[in-house]
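# Fold and contact review
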Amino acid sequence: MELLIMAYALKTSCAKNIIGVIPYFPYSKQCKMRKRGSIVCKLLASMLAKAGLTHIITMDLHQKEIQGFFSFPVDNLRASPFLIQYIQEEIPDYRNAIIVAKSPAAAKRAQSYAERLRLGLAVIHGEAQCAESDMADGRHSPPCVRNTTGHTGLELPSGKQQAPFPGIELPSTTKLIYI
């Protein structure tokens, strides 16, 4: 909202160009309505254009097609080159690591990292388990969703690692990088 107010104030002050820097574009992961795309993103793009923005710089849009909603240029910067450089320079012995996708939906991005770093790839595929009491009284509708990995982003677990998959043991020198 503040961005819209500032952009409109600049527009009414006769600014020639108004460039918005939005590191995280809100509502980019909203569900789609069949083939029409993300309705909320289209609405937000229209509001930004109406407020007077002439250019936007953002990072890691969830879908590159979102750029088509805007009537002005959008620069979508990528963070992956910096993350890969950080892994290569700051993580000792990263060659003994495995890239882990925390869900099948994240597998494509994790595969991209694994290929560029020349590392192995693992995908966690499982269902959240609900308590039996939840199942008995009907609270399992809709099914509960839990983060099965306990990790929220790019990180290396410290100390002794626990196997992410029951029954599968990893060599003690293997590190896991969660994407």
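Residues numbered from 1 in each chain as written. Predicted model: local features only at pLDDT ≥ 70, side-chain atom pairs only at ≥ 80, totals over all residues. Heavy atoms only, no water.

If you check an unreviewed UniProt entry, the chain appears there as Phosphoribosyl pyrophosphate synthase-associated protein 1 from Ameca splendens.

Scanning the chain from terminus to terminus reveals five helices and six strands. Each helix and strand of the chain, placed in order from N terminus to C terminus, yields the pattern α-β-α-β-β-α-β-α-β-α-β. Counting only residues that meet the buried cut, the chain has 30% of its 179 residues in that class. Considering only contacts in the chain between residues 6 or more positions apart, those separated by 24 or more positions represent 47%. (Helix = DSSP H or I, 4+ residues; strand = E, 2+ residues; numbered from the N terminus. Buried < 20%, exposed > 50% of the residue type's maximum accessible area, 1.4 Å probe, protein only. Contact = heavy atoms within 4.5 Å.)

Quick look at the pattern of salt bridges now. Counted by the stated rule, this structure contains one salt bridge. Put simply, arginine 78 and aspartate 60 hold a salt bridge, and the shortest N to O gap is 3.5 Å. Taken together, the positions of arginine 78 in the loop between strand 3 (74–77) and helix 3 (80–90) and aspartate 60 in the loop between strand 2 (55–59) and strand 3 put the pair 18 residues apart, joining distant regions of the chain. A relative accessible area of 45% places arginine 78 in the partly exposed class. (Salt bridge = Lys/Arg side-chain N within 4 Å of Asp/Glu carboxyl O.)

Our next topic: the packing of aromatic side chains. Taken as a whole, this structure holds two aromatic pairs when the rule is applied. For the ring pair phenylalanine 25 and phenylalanine 70, a centre distance of 5.6 Å and an interplane angle of 70° mean the geometry is edge-to-face. Here phenylalanine 70 lies in the loop between strand 2 and strand 3 and phenylalanine 25 lies in the loop between strand 1 (19–22) and helix 2 (39–51), a separation of 45 residues in the sequence. Relative accessible area serves as the criterion here: at 2%, phenylalanine 25 is assigned to the buried category. Members of the aromatic cluster, joined through ring pairs, are Phe25, Phe70 and Phe72. (Phe/Tyr/Trp six-rings, centres within 6.5 Å; stacked < 30°, edge-to-face > 60°.)

Within soluble globular proteins, side chains that are nonpolar tend to cluster in buried spots. Residues Phe25, Leu48, Leu53, Ile56, Ile66 and Phe70 are the most contacted members of the largest nonpolar core, which totals 18 residues. For this core, the secondary structure elements donating two or more residues are helix 1 (2–12) and helix 2. The residues contacting leucine 48, other than those within four sequence positions of it, are Leu3, Leu4, Ile22, Phe25, Leu53, Ile56, Phe70 and Phe72. Grouped together as the second largest cluster of nonpolar side chains are 15 residues, Ile87, Tyr94, Ile99 and Ile177 included. (Core = buried A, V, L, I, M, F, W, Y, C linked by side-chain atoms within 4.5 Å.)

Moving on: the pairing of strand 2. Pairing of strand 1 with strand 2 involves four bridges; the strand directions are parallel. Looking at the pairing, glycine 20 lines up with isoleucine 56 of strand 2. (Pairing = 2+ DSSP bridges.)

Further remarks concern the environment of tyrosine 113. By secondary structure assignment, the location of tyrosine 113 is in helix 4 (residues 107–117). Taking the relative accessible area as the measure of exposure, tyrosine 113 reaches 7% and is therefore buried. Separated by 32 residues in sequence, tyrosine 113 and proline 81 have C-alpha atoms that sit 9.4 Å apart.

For the rest of this paragraph, the subject is the sheet that holds strand 3. Ordered in space as 1-2-3, the three strands form an open sheet in which the pairing is parallel. Since the sheet does not close on itself, it has two edges, and those belong to strand 1 and strand 3, each with one partner. Across the sheet, the axes of successive neighbouring strands diverge by a mean angle of 15°, strand direction being ignored. (Axes fitted to C-alpha atoms, helices over the stretch in contact; angles between N-to-C directions.)

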